[in-house]
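# Inside the fold
If you want the building blocks of each chain, they are given just below.
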There are 2 protein chains.
Amino acid sequence: MKIIADAFGGDNAPLEILKGCAMAAEEYGVGIILTGDEETIRRVAAENGVSLEKMEIVHASQVMDMNAPPTAILKGYRDSSLAVGLRLLSEGRGDAFVSAGSTGAFVVGASHIVKRIKGIKRAALAPVIPTVEGRYMLIDCGANAECRPEMLVQFGAMGAAYMNKILDVENPRVALINNGAEEHKGTPLQQEAYRLLTESPLHFVGNIEARQLPQGGCDVAVCDGFTGNIVLKLTEGLSKALIGQIKGILMKNTATKLAALTLKGGLAEFKKKMDYKEYGGAALLGISKPTIKAHGSSDAKAFKNAVGQAVRFARQNVIGSIEGYLAEMKAKE
Amino acid sequence: MKIIADAFGGDNAPLEILKGCAMAAEEYGVGIILTGDEETIRRVAAENGVSLEKMEIVHASQVMDMNAPPTAILKGYRDSSLAVGLRLLSEGRGDAFVSAGSTGAFVVGASHIVKRIKGIKRAALAPVIPTVEGRYMLIDCGANAECRPEMLVQFGAMGAAYMNKILDVENPRVALINNGAEEHKGTPLQQEAYRLLTESPLHFVGNIEARQLPQGGCDVAVCDGFTGNIVLKLTEGLSKALIGQIKGILMKNTATKLAALTLKGGLAEFKKKMDYKEYGGAALLGISKPTIKAHGSSDAKAFKNAVGQAVRFARQNVIGSIEGYLAEMKAKE
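Residues numbered from 1 in each chain as written. Chains lettered and ligands numbered in written order. Predicted model: local features only at pLDDT ≥ 70, side-chain atom pairs only at ≥ 80, totals over all residues. Heavy atoms only, no water.

## So, the overall build of chain A
- Secondary structure summary: chain A contains ten helices and twelve strands in total.
- Whereas a compact globule of 333 residues would reach a radius of gyration of roughly 20 Å, chain A reaches 20 Å, a difference of no more than 12%.
- Seen through its principal axes, chain A has C-alpha atoms that stretch 60 × 60 × 35 Å.
- A total of 333 residues make up chain A; the buried ones form 57% of that total.
- Of the contacts made within chain A by residues no fewer than 6 positions apart, 71% connect residues no fewer than 24 positions apart.
- Surface accessibility of chain A: about 13,500 Å² in total, with carbon and sulfur atoms responsible for 49%.
- Of the side-chain charges in chain A, 39 are positive and 36 negative, and the distance between the mean point of each set is 2 Å. (Helix = DSSP H or I, 4+ residues; strand = E, 2+ residues; numbered from the N terminus. Rg over C-alpha atoms; globule rule 2.2 N^0.38 Å. Buried < 20%, exposed > 50% of the residue type's maximum accessible area, 1.4 Å probe, protein only. Contact = heavy atoms within 4.5 Å. Areas by Shrake-Rupley, 256 points an atom, 1.4 Å probe, with all protein chains shown as cover. Lys, Arg positive; Asp, Glu negative; His and termini not counted. Charge placed at Lys NZ, Arg CZ, Asp CG, Glu CD.)

## Details of the sheet that holds strand β2 (residues 31-36) of chain A
Residues and elements named next belong to chain A.
- Ordered by their spatial adjacency, seven strands build an open sheet running β3-β2-β1-β4-β12-β11-β5, and the pairing between neighbours is mixed. Two strands close off the open sheet at either side, each with one partner strand: β3 (55-59) and β5 (124-126). Each strand axis lies, on average, 25 degrees off the axis of its neighbour in the sheet, ignoring direction.
- With three bridges connecting them, strand β4 (residues 96-99) and strand β12 (residues 291-293) associate as parallel partners. Directly across from S99, in β12, lies its bridge partner K293.
- Helix α5 (residues 149-166) rests against β5 and β11 (282-285) of the sheet, and its axis sits at about 125 degrees to β11.
- Contacts between helix α9 (residues 300-315) and the sheet are confined to β1 (2-6), β2, β4, β11 and β12, with β4 contributing the most and set at about 160 degrees to the helix. (Pairing = 2+ DSSP bridges. Axes fitted to C-alpha atoms, helices over the stretch in contact; angles between N-to-C directions.)

## Details of the relation of the copies chain A and chain B
- With an RMSD of 0.0 Å, chain A superimposes on chain B once it is rotated by 180 degrees and translated 0.0 Å along the axis. The transformation relating the two chain copies, once decomposed into turn and shift, fits a two-fold axis. Within chain A, A259 of chain A has its C-alpha nearest the rotation axis, a separation of 2.2 Å.
- When the interface residues of chain A are mapped onto chain B, 100% of them again fall at the interface, so both copies present the same face. (Least-squares fit on C-alpha atoms with pLDDT ≥ 70 in both.)

## A word on helix α7 (residues 225-250) of chain A
Residue and element names in this part refer to chain A.
- The terminal C-alpha atoms of α7 lie 37 Å apart, and with 26 residues this matches the ideal 38 Å at 1.5 Å per residue to within 8%.
- For α7, the buried fraction is high: 21 of the 26 residues fall into the buried class.
- Its side-chain oxygen 3.0 Å from the backbone nitrogen of F226, D224 forms the N-cap of α7. (Expected span 1.5 Å × (residues − 1). Polar contact = N/O pair within 3.5 Å; in protein donor to acceptor, adjacent residues only side chain to side chain.)

## Describing the nonpolar core
- Within the largest apolar cluster, 88 residues are counted, with the highest numbers of intra-cluster contacts made by L138 and I177 of chain A together with L138 and I177 of chain B.
- Contact partners of I177 of chain A, with chain neighbours within four places excluded, come to L138, Q190, I208, L213, A221, V222, C223, T227 and V231 of chain A together with F226 and I230 of chain B. (Core = buried A, V, L, I, M, F, W, Y, C linked by side-chain atoms within 4.5 Å.)

## A word on the side chain of T35 of chain B
Residue and element names in this part refer to chain B.
- Position of T35 relative to the elements: it lies in strand β2 (residues 31-36).
- For T35, a relative accessible area of 0% translates into the label buried.
- For T35, the side chain forms a polar contact with the main-chain oxygen of S81, separated by 2.7 Å.
- Among residues more than four places away in sequence, those in contact with T35 are I4, A5, D6, A7, F8, I41, V58, S81, V84, G85 and L88.

## Quick notes on the pattern of salt bridges
- This model, assessed by the stated rule, comprises 24 salt bridges over all chains.
- In this structure, R148 of chain B engages E150 of chain B in a salt bridge whose closest nitrogen and oxygen atoms are separated by 3.0 Å.
- Via salt bridges that share partners, R135, R173 and D219 of chain A belong to a single interconnected network. (Salt bridge = Lys/Arg side-chain N within 4 Å of Asp/Glu carboxyl O.)

## Thoughts on the packing of helix α8 (residues 254-274) of chain A against helix α7 (residues 225-250) of chain B
- Running from N to C, α8 of chain A and α7 of chain B point in directions that differ by 150 degrees, and their axes come no closer than 9 Å. Between α8 of chain A and α7 of chain B, the angle falls in the class roughly antiparallel. By crossing handedness, the relation of α8 of chain A to α7 of chain B is classed as right-handed. Between α8 of chain A and α7 of chain B, the residues in contact are L263, G266, L267, F270, K273 and M274 of chain A and L242, Q245, I246, I249 and L250 of chain B, respectively.
- Looking at the contact of α8 of chain A with α7 of chain B, its residues break down into eight nonpolar, two polar and one charged. (Parallel < 35°, antiparallel > 145°, perpendicular 65-115°, else oblique. Left-handed = near helix turned anticlockwise from the far one by under 90°. Nonpolar A, V, L, I, M, F, W, Y, C, P; charged D, E, K, R; others polar.)

## Remarks on the interface of chain A and chain B
- Counting residues at the interface gives 45 residues for chain A and 46 residues for chain B.
- A buried area of about 4,400 Å², summed over both sides, lies between chain A and chain B, and 75% of it is on carbon and sulfur atoms.
- For the pair chain A and chain B, the number of links is four salt bridges.
- Taking the shortest distance from any N to any O, the salt bridge between E236 of chain A and R211 of chain B comes out at 2.8 Å. (Buried area = accessible area lost by both parts, 1.4 Å probe.)

## As for the sheet that holds strand β7 (residues 135-139) of chain A
All names here are of chain A.
- Sheet architecture is open: five strands sit in the order β6-β7-β10-β8-β9, paired in mixed fashion. Every interior strand has two partners, whereas the edge strands, β6 (128-130) and β9 (203-208), have only one. Each strand of the sheet is rotated relative to its neighbour by a mean of 30 degrees, with strand direction disregarded.
- Those strands touched by α7 are β6, β7 and β8 (173-177), and its axis lies near 140 degrees from that of β7.

## Notes on empty space enclosed by the protein
- Tallying each qualifying case throughout the model produces three cavities of 30 Å³ or more.
- Looking at the largest cavity, its volume works out to about 60 Å³.
- Taken together, I246, I249, L250, L263 and L267 of chain A together with I246, I249, L250, L263 and L267 of chain B make up the lining of the largest cavity.
- Contributing elements (two or more residues each) for the lining of the largest cavity: α7 and α8 of chain A together with α7 and α8 (254-274) of chain B.
- Residue composition of the lining of the largest cavity, grouped by class: ten nonpolar, no polar and no charged. (1 Å grid on protein atoms, 1.4 Å probe; cavity = no way out; pocket = protein on both sides within 12 Å on 5 of 7 lines; lining within 4 Å. Points joined across faces, edges and corners; volume = space filled by probe spheres on them.)

As structure tokens, then:
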């Protein structure tokens, strides 16, 4: 198996990406194809003692500009490390693609260069978010600010396929993020999506309120990309703010620092449990080949986890499972 | 000054409401008009040693059913403690109204019985939410799932008036909750609201991402009621989940319990800082007289704070300030 990795995506590229890829090649025993400026890759690797063994480099002369419009990947940035990686994937040179680069360009590039699964209306970004009792997949977390009800149903199917194949969840519980539990709640988008989800072959467990999300209660939480962006960003921002406050309390003086030592084990466990990086990046679901968007701030370990996720994504045939749901839904129409 | 209080709204009515009103009468030196079943109020007060001095009771034979549609307040529940309280307010029998009852019925009842401020398209629910560096008003947090861009601008004006008059914020910073910082971000609703806010007399500071909200950065965060519901409920749910996890770490064994003792002061301070109950209830802004929606789970102290908020709301002439903004915006058209 070969994973294609964008060596120039994200805040810590290329060094952390190279380190992460070296760790992944070792840990998962897979080949890696790096895309990006070959000379820089070789120089940075040499300067930092990162072995490029088991890795190929495919040269790309450009880096996608984070401030360029996403569609620029199809025009002025056709030779960016992101575009070249996606092209290699579409040509079958590797089994999956990972990038920590621009989210918008990633979605546009994957949809147009690699193409969507036949019948899928929109690709959706889907991170796995830790909860008190486990984790849930949030889909869509931001690829599509505006959605139609039938897209939300497809998001549910894609999320269920992923959670079943990658995280071994039997019969994943799919819920609709809404402003109340009753079926008439929400805007016409949620009301119609509720109806369609009820009629679908998915294991639909009804609406879920945002209050319930951090406790658990579903395996796949479906929403439009605007709402998903709010949920993801607020989860990240509030966790960070609250943990920062707790740290302040622990570091206040000598006595509290001593107390903190006693709590060290418990706090470390808690931190690990709540660390979304443990689940790798966000899968871009709906594309005809496995694509993973790593967090823009990925360090080596986070990128390594994202490569590991790409390996499982390719091995477990998630895409075949999504196609199965699509066929089932079509048959019901 | 007289505050009208719905004695039968919320999970802990009537006892906690009566206690809260007694505390408020004492602390703020105001008169209270209680609405609800007179016999029950007198009996519960007597049984629990709550003094009804300085309080009047206006009998109401019904309690608004939480499961009834909100519009039922105008039909089958016209003699509910909620409807009667709103009618007393519209007749000028008191200066402000507080209820911990059904949110939907409260919004519908206030809009139709007390009426909106002339020119205001929709009333909005607006709680004040604590942040690391202070607090912000979230408007609308759920009264209107669907909004038009001009409504969001009015929400900004109402929030600015409140923050200025009640929390003494000079020139409140108004921000638009969006999925990115750039002005073209969001759906057409946010894009057009951004344009209108830029042209308005408000101190508009641009888009705010959900990630930033818990840190601070604005005094008024404007959004449609669906998004606001997600922000409010996720903030409550995630705070609760994380604090629960921290408690678990502290209570794990004898050593951690001892450590917890050392941290007691810091944790109590943190809890107080993050407690939204400190700010009272959610103001229902846009109604022609002061109306406060207390949290459904209000205990005596939370309800007392909500009454205190109603007192300030009436004293500070927030409504006059909202009318001033409306006139300024009309002049600019």
